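Notes for the structure review
Okay, here's what each chain looks like letter by letter:
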Amino acid sequence: MDRIVEYYFNAEVIAGAFPQVLAGFRTTVIVSLLIIVCGTLFGLSLALLRCASLRPVNFIITAYVDVLRTLPQLVVIVFIYFGLPYLGPALSPFATTVLALGMVLSAFSTEIFWSAIMALPRGQWDAASALGFSRLRTLVTIILPQAIRLAIPLLTNRAISISKGTALGTAVSLPETLGQAQSVMALVANPSPLTLATIDIPELRGR
């Protein structure tokens, strides 16, 4: 029992690791919030763009959604971080993680919002048209509020699931919670910092 406490609940090691793990936790929170905001807004924009019924645009959006929903999140992160510099811009680990996971979330968000829009009765469009509403006004004032309400449960689950991928940012040296804990663990040769990290992570994930 004493060895378990020494290796996993060492108060001295945890106290020393706390500032670095806390800094990683702040990074994790900021990255997760940016992923959720950017991914959701971009996904909503793509879903609204699909309502324009432009075949070439719909084809591009569908391909974007299908590819990003299929690829593992780590593959997207690694491709952007190591592959994008060959085309010109080189992104920081922070920007890479936000962009990669934001794109993945946007793909799922697009499908969720589009499905919610399509789930509403066609009669609402017809009734609004009979009252003289334009298609855009119908979409913004009648269809979209209802679609968002339908999409919230699925979108919330997906956003939480994808935001957990911030831990994958360690592959490109993002100093998030788990990465910082692992760095301290390697220096002190004691896994107690991981115990501290597990206290922070479930609170962020919303369990």
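The structure displayed is predicted, hence computed values, not measured ones.

Examining a nonpolar patch on the surface
Where nonpolar side chains cluster on the molecular surface, the patch consists of Ile4, Val5, Tyr7, Tyr8 and Phe9 and spans about 470 Å² of accessible area. Structurally, the position occupied by Tyr8 is in helix 1 (residues 2-8).

So, the packing of helix 2 (residues 11-50) against helix 3 (residues 55-70)
Close contact between helix 2 and helix 3 brings their axes to 9 Å; oriented N to C, the two are set at 145 degrees. In the crossing of helix 2 with helix 3, the sense of the turn from one axis to the other is left-handed. Residues Phe42, Leu46, Leu49 and Arg50 of helix 2 pack against Val57, Asn58, Ile61, Thr62 and Tyr64 of helix 3. Residue composition of the contact of helix 2 with helix 3, grouped by class: six nonpolar, two polar and one charged.

Focus on helix 5 (residues 93-119)
The terminal C-alpha atoms of helix 5, which comprises 27 residues, lie 39 Å apart, in line with the 39 Å expected from a rise of 1.5 Å per residue. Counting buried positions along helix 5 yields 19 of 27 residues, so the element is predominantly enclosed.

Remarks on the nonpolar core
Ranked by internal contacts, the top residues of the largest apolar core, which has 17 residues, are Ile35, Val76 and Ile162. Counting only elements with at least two residues in this core, the list comes to helix 2, helix 4 (73-83), helix 5 and helix 7 (135-163). Among the elements that line this core, the one with the most residues is helix 5, at seven residues. For Ile35, the residues in contact, after removing those within four places along its chain, are Thr40, Thr97, Val98, Leu101, Gly102, Leu105, Ile162 and Thr166. Judged by nonpolar contacts, the second largest core, of 16 residues, contains Ala47, Trp125, Leu139 and Leu144.

Focus on unusual backbone geometry
Most peptide bonds are trans, and most residues other than glycine sit at a negative phi. Notably, Ser53 is not glycine yet its phi reads approximately 55 degrees, a positive angle. Looking at where Ser53 falls in the secondary structure, it is placed in the loop between helix 2 and helix 3. Of the residues examined, Ser53 reaches a relative accessible area of 53% and is grouped as exposed. We note that Ala189 has phi near 55 degrees; this positive angle belongs to a residue other than glycine. Considering the arrangement of structural elements, one finds Ala189 in the loop between helix 8 (177-188) and helix 9 (192-205).

Some points on the environment of Ala186
Mapping Ala186 onto the fold places it in helix 8. For the pair Ala186 and Ala116, spaced 70 residues apart in sequence, the C-alpha to C-alpha distance is 47 Å.

Regarding the confidence of the model for the protein chain
Averaged over every residue, the pLDDT of the protein chain is 86; residues scoring 70 or more account for 95%. Counting contacts from residues 201-207, a segment whose pLDDT is below 50, to residues more than four positions away or on other chains yields 13 contacts.

Digging into the packing of aromatic side chains
Scanning all chains against the criterion turns up two aromatic pairs. Here Phe42 and Tyr64 contribute two aromatic rings whose centre-to-centre distance is 6.1 Å and whose plane-to-plane angle is 85 degrees, an arrangement assigned as edge-to-face. Remark: Tyr64 occurs in helix 3 and Phe42 occurs in helix 2; sequence separation between them is 22 residues. Classification of Phe42 as partly exposed rests on a relative accessible area of 41%. Exposure remark for Tyr64: the relative accessible area of 21% places this residue in the partly exposed category. Here Tyr81 and Phe82 contribute two aromatic rings whose centre-to-centre distance is 4.9 Å and whose plane-to-plane angle is 85 degrees, an arrangement assigned as edge-to-face. Judged by its relative accessible area of 23%, Tyr81 falls in the partly exposed class. Its guanidinium or amino end placed over the ring of Trp125, Arg135 lies 4.6 Å from that ring's centre, counting from NZ or CZ. Sitting over the ring of Phe108, Arg158 keeps its end group 4.2 Å from the ring centre.

Calculation criteria
- Residues numbered from 1 in each chain as written.
- Predicted model: local features only at pLDDT ≥ 70, side-chain atom pairs only at ≥ 80, totals over all residues.
- Heavy atoms only, no water.
- Patch = residues over 30% accessible without salt bridge, like charges linked within 9 Å, V, L, I, M, F, W, Y side chains within 5 Å.
- Areas by Shrake-Rupley, 256 points an atom, 1.4 Å probe, with all protein chains shown as cover.
- Salt bridge = Lys/Arg side-chain N within 4 Å of Asp/Glu carboxyl O.
- Helix = DSSP H or I, 4+ residues; strand = E, 2+ residues; numbered from the N terminus.
- Axes fitted to C-alpha atoms, helices over the stretch in contact; angles between N-to-C directions.
- Left-handed = near helix turned anticlockwise from the far one by under 90°.
- Contact = heavy atoms within 4.5 Å.
- Nonpolar A, V, L, I, M, F, W, Y, C, P; charged D, E, K, R; others polar.
- Expected span 1.5 Å × (residues − 1).
- Buried < 20%, exposed > 50% of the residue type's maximum accessible area, 1.4 Å probe, protein only.
- Core = buried A, V, L, I, M, F, W, Y, C linked by side-chain atoms within 4.5 Å.
- pLDDT = per-residue confidence, 0-100.
- Phe/Tyr/Trp six-rings, centres within 6.5 Å; stacked < 30°, edge-to-face > 60°.
- Lys NZ or Arg CZ within 6 Å of the ring centre and 35° of its normal.

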